[in-house]
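Chain by chain, the residues:
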Amino acid sequence: MTVTPDLRTALPAGPDLLRSVFRQHAAGVAVITAAGSAPVGFTATSLTSVSAQPPVISFGVGVGASSWPTVAEAGHVGVHILAEDQADLAATFARSGADRFGEPTRWSEGPEGVPVLDGVLAWMVCKVIARVPAGDHRIVLAEAVCGDLSGAGRPLLYHQGRFNALRD
């Protein structure tokens, strides 16, 4: 069934419209980590594959985020794809002021000193190649250096402001 949009109800662009439209967009959930004086990390739904050759990814990070000062200086970042049973981990890394690397988070120092989370579906360590200004965010471009995809399960999704699992 095709539904014709009612153009008379179009809303003006702004933060509320953007947030409302993207609540309709289901996105995979990742955690981005970086090493600094202390490890930092945050939950991201903006992870994108940019190029296969060379293998480049991108993600957005707010310049007001507690992780930004470390990510702004980091040479490498960790990219972790979360499994459907890791909503608590996603929430921990999304929560302001949380002890993201304390119990029960399990992690170890990986290649290039990057924090690598245990038990995720897949992870990569990536070399940061650019940080592009984009409003109140920066788009980070990074080239994959190494990774592992031996995790089992299905991906965690974010939709309508909640973490969800795939349905068949």
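Structural data are supplied above this passage.
Residues numbered from 1 in each chain as written. Predicted model: local features only at pLDDT ≥ 70, side-chain atom pairs only at ≥ 80, totals over all residues. Heavy atoms only, no water.

**As for the sheet that holds strand S12 (residues 162-165)**
In spatial order, the strands read S1-S11-S12; together these three strands make up an open sheet with antiparallel pairing. At either end of the open sheet lies a strand with only one pairing partner, and these are strand S1 (27-28) and S12. By the bridge criterion, two bridges tie S1 to strand S11 (residues 156-159) in an arrangement that is antiparallel. For glycine 28, the partnering residue across the bridge sits in S11 and is leucine 157. (Pairing = 2+ DSSP bridges. Helix = DSSP H or I, 4+ residues; strand = E, 2+ residues; numbered from the N terminus.)

**Quick word on the pattern of salt bridges**
Scanning the entire structure with this criterion turns up four salt bridges. For the salt bridge of glutamate 84 with arginine 154, the shortest nitrogen-to-oxygen distance reads 4.0 Å. Of this pair, glutamate 84 sits in the loop between strand S6 (76-81) and helix H3 (87-94) while arginine 154 is found in the loop between strand S10 (137-148) and S11, placing the two residues 70 residues apart along the sequence. Between aspartate 118 and arginine 106 there is a salt bridge, with its nearest N and O atoms 3.8 Å apart. A residue pair is termed long-range when its members are at least 10 positions apart, and aspartate 118 in the loop between strand S8 (115-117) and strand S9 (122-134) and arginine 106 in the loop between H3 and strand S7 (107-109) qualify at 12 residues. What makes arginine 106 exposed here is its relative accessible area of 53%. (Salt bridge = Lys/Arg side-chain N within 4 Å of Asp/Glu carboxyl O. Buried < 20%, exposed > 50% of the residue type's maximum accessible area, 1.4 Å probe, protein only.)

**Structural notes on the packing of aromatic side chains**
Counted under the stated rule, the structure contains four aromatic pairs. Judged by centre distance (5.9 Å) and plane angle (55°), the ring pair of phenylalanine 42 and phenylalanine 59 falls under tilted. With phenylalanine 42 in strand S3 (residues 40-44) and phenylalanine 59 in strand S5 (residues 56-62), this residue pair connects regions lying 17 residues apart in the sequence. Considered together, phenylalanine 42 and phenylalanine 59 belong to a single accessibility category, that of buried residues. (Phe/Tyr/Trp six-rings, centres within 6.5 Å; stacked < 30°, edge-to-face > 60°.)

**Observations regarding the environment of tyrosine 158**
Within the secondary structure, tyrosine 158 sits in strand S11. Measuring from C-alpha to C-alpha, the distance between tyrosine 158 and glycine 28 comes to 6.3 Å, with 130 residues separating the pair along the chain. Not counting chain neighbours up to four residues away, the residues in contact with tyrosine 158 comprise His25, Ala26, Ala27, Val29, Thr45 and Phe163. (Contact = heavy atoms within 4.5 Å.)

**Description of the pairing of S11**
Relative to S12, S11 is paired through four bridges, and the arrangement is antiparallel. Across the sheet, residue histidine 159 finds its bridge partner in S12, namely arginine 162. Counting the residues in the hairpin turn of S11 and S12 gives two residues, including glutamine 160, whose phi is positive at 55°.

**Some remarks on the nonpolar core**
Judged by nonpolar contacts, the single largest core of 17 residues is most densely connected at Ile32, Phe42, Phe59, Val71, Val77 and Val140. Where this core is concerned, the elements lending two or more residues are strand S2 (30-34), S3, S5, helix H2 (68-73), S6, S9 and S10. For isoleucine 32, the contacting residues outside a window of four places in its chain are Val40, Gly41, Phe42, Ala44, Phe59, Val77, Gly78 and Val79. Counting residues in each nonpolar core, the second largest holds 14 residues, with Val29, Phe101, Val116 and Val120 among its members. (Core = buried A, V, L, I, M, F, W, Y, C linked by side-chain atoms within 4.5 Å.)

Interpretation in functional terms is not warranted from these geometric data alone.
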